[in-house]
Amino acid sequence: VLPSSAKTTPDKLFKRDLIKLGWVLGALAAAAAVFVVNPTLSSPTLLSIVFTLIVSPWVTALERRGIPRTASIALIFLITGLLMAVLGVWVVQNVASEWDSFRSKAPLYFAESVRRLQHLEGEWRRRLPLLEGQDLTRKLVAWGETFGRESLAGVPSIVGNILSWMFLVPVLTFFMLNDGLALKKRVFGLVPNRFFEPTFMVTSKIIHALSDYLRAKIVEAFLVGLMTTLGLYLVDSPYALLFGILAGITNIIPYLGPVLGAVPGLAVVWFDPTKSGLFWPVLAVYGIANLVDTVFIFPVLVAKLVNLHPLVLIAAVILGQQFGGLVGMLVSIPVASAIKVVFGELYATLYQPYGSRDIGR
Amino acid sequence: MGTHPHYLWKDLFRRRKSNEDSIIEALKDNILFCTLSPRELRYLISLVYERVYQPDESIFREGERGSGMYVIVNGRVAIKTTHPSGDTLVTTLGKGSFFGELSLVEPENIRTATAQATERTVVVGFFKPDLMEVLERKPQTGVKILFQLASVLGRRLLETTRKITEMKEERRVAQLRENNAG
């Protein structure tokens, strides 16, 4: 047994480590603030992080076969680029023709919607005298016109953003894949010794959980999109590819996504007098796609990875919607998973200081 | 900066050459990494973390959750266990030694002793996620490390078994002596 002077030193370096940690957190918060207030910087960076997490297992698989990392990344970029060019041309051609057709019929849908809304309003007025003097349809149409004008005004900036993303995202993704490890080391190099190992472990677990979740959600979205497109083709619904892609994309939003994705497809067959017989078959297509997703795809692919109670998932989505709208809903589950990892580590540290082993303490 | 074509990245992504060499030396002399080729060692240093500890600073404490091992590049580290009566110095390790390797394979990751720098010490940390990364990206390199790790743990098991046998034998002899004296 050592003399008391040689005992494990009480923390004389604690203050130094706290100051260091404060600086690191301050620097990270400042960097995060720059990103939050500057969407032109944050959006492509976030998108690049998503792509990096998706592509990194493929890079690893090529590296395992002895191909150097930079060459692996270049090869994947080349293959993905070619595939996207071929697939993109095909999708754009098809979606463009569907979009043109939709645009030419839009006045018809608009007139029909207004006629139906006026009819509904007339019925409500008869039942509810309170609505007397309220021109709801006119107000709705005025709101729709303003919304449409504002959306159209925003189109040039959206197109500009997309064009800049098309250049920025691949470049950022390439650097993240190639130099991500070095960058990660530099960031961890700033963390004080005392907090290094816990921070490293928690961050590794969070990155692992997020990349698994993202990959699973993308596969899920692809399968739902494919099922919806095929189903809509089979029932001879208009704009099958457009609405199939939309259903796949909106499926990424938990719970509300499938409803949001189904609304345009259902609305078109509802408001098009020539297609009104398709309403129930189209509803069945969305219903079956959602059922297959809920019963088979989600439990097998996603739920196992997230491992959160459905009530927690719903609460996370609602909170996400309140704090960040649509984007908040999209990131709610990954954020909930990250919080779960942090709390899991805290719980293990506070309540299981010696793990599950019986070491006679 | 000079005329390096990537001077913008030079400071951010490049380690100083002398540092890199001393880390490679330390890893090359370590039993876990001694079977790796120079190329594999260079890949490994892109994964490991260099940390500097001041005298009396703890690298980790007994009972904490750990996630990896450390190799001493420079300096000395005291390994201690804590008891209500005080700390027991188990051993003092110097340049080239390593400790905490059990955390690489142990699921609970609980540290069984405290590691404390006794002078200014430079260590290299190699953690479980890094080992997993090596196994995924370069399985041949990962297998070499795992094989060496298994032989280290096997040797420790043999030593422990021998010590327990010796202690039991000593106890048996002591009991015999007591009985004879009685």
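Residue indices follow the written sequence of each chain, beginning from 1 at its first position. All chains are assigned letters beginning with A, and all ligands numbers beginning with 1, in the order in which they are written. With pLDDT at 70 or above as the cut-off, local features in this predicted model cover only qualifying residues; side-chain atom pairs require 80 or more to be listed or tallied, and sums for whole chains, interfaces and linings still use all residues. Only hydrogens and water are removed before side-chain values are computed, so all heavy atoms of the structure are retained for them.

For two strands to be treated as a pair, DSSP must find at least two bridges joining them. Only DSSP runs of H or I reaching four residues or more are called helices, and only runs of E reaching two or more are called strands; each is numbered from the N terminus. In space, the 4 strands of this open sheet follow the order β1-β8-β3-β6 (chain B), with antiparallel pairing throughout. Only two strands of the sheet have a single partner each, and these edge strands are β1 (49–53) and β6 (98–99) of chain B.

A few words on the sheet that holds strand β2 (residues 58–60) of chain B. Residue and element names in this part refer to chain B. The strand order across the open sheet formed by 4 strands is β2-β7-β4-β5, and the pairing between neighbours is antiparallel. The sheet is open, and its two edges are formed by β2 and β5 (86–93), each paired on a single side. Neighbour to neighbour, the strand axes of the sheet diverge by 30 degrees on average, direction disregarded. With 4 bridges joining them, strand β4 (residues 77–83) and strand β7 (residues 114–117) adopt antiparallel strand pairing. By the bridge assignment for β7, V77 is matched with A117. The axes used here are C-alpha line fits, helices contributing only the stretch in contact, and every angle between their N-to-C directions lies in the interval 0 to 180 degrees.

Residues and elements named next belong to chain B. In terms of nonpolar packing, the biggest core is built from 26 residues, with L27, F33, L44, M69, F126 and I145 touching the most fellow members. Of all the elements in the fold, those that place two or more residues in this core are α2 (17–28), α3 (38–45), β3 (68–74), β8 (121–127), α4 (128–137) and α5 (139–181). Not counting residues within four places of it along the chain, the set of residues in contact with M69 comprises L32, F33, F98, F99, G100, E101, L104, V124, G125 and F126. Within this scheme, the nonpolar core is defined by two criteria: the residues are buried Ala, Val, Leu, Ile, Met, Phe, Trp, Tyr or Cys, and they are joined through side-chain atoms within 4.5 Å. Burial classes: relative accessible area under 20% of the type maximum marks a residue as buried, over 50% as exposed, and values in between as partly exposed (1.4 Å probe, protein chains only). We call two residues contacting when some pair of their heavy atoms lies within 4.5 Å.

With respect to the helices and strands, E62(B) occurs in the loop between β2 and β3. A 3.5 Å cut-off defines polar contacts: any pair of N or O atoms within that distance qualifies, except that in protein one atom must be a possible hydrogen donor and the other a possible acceptor, and neighbouring residues in sequence count only when both atoms are side-chain atoms. At 2.6 Å, the side chain of E62(B) forms a polar contact with the backbone nitrogen of T82(B).

Moving on, we get to the confidence of the model for chain B. Residues and elements named next belong to chain B. Per-residue pLDDT for chain B has a mean of 85; in total, 90% of the residues score no lower than 70. Segment residues 1–15: pLDDT under 50, and 21 contacts once partners within four positions in sequence are set aside and those in other chains are kept. Among the scores for the predicted complex, ipTM is 0.78 and pTM is 0.73. Looking at any residue, its pLDDT shows the predictor's confidence there, from 0 to 100.

Attention now goes to the pairing of β4(B). The two faces of the sheet receive side chains in turn, since in a regular strand these alternate between them. All names here are of chain B. In terms of residue burial, β4 counts as a mostly covered element, since 5 of its 7 residues are buried. Judged from the 7 bridges that link them, β4 and β5 form a sheet pairing that is antiparallel. Across the sheet, residue H83 finds its bridge partner in β5, namely G86. Count of turn residues in the β4/β5 antiparallel hairpin: 2 residues.

Below, the discussion takes up the environment of I23(B). Looking at the secondary structure, you find I23(B) in helix α2. In this structure the C-alpha to C-alpha distance between I23(B) and L41(B), which are 18 residues apart in sequence, comes to 9.5 Å.

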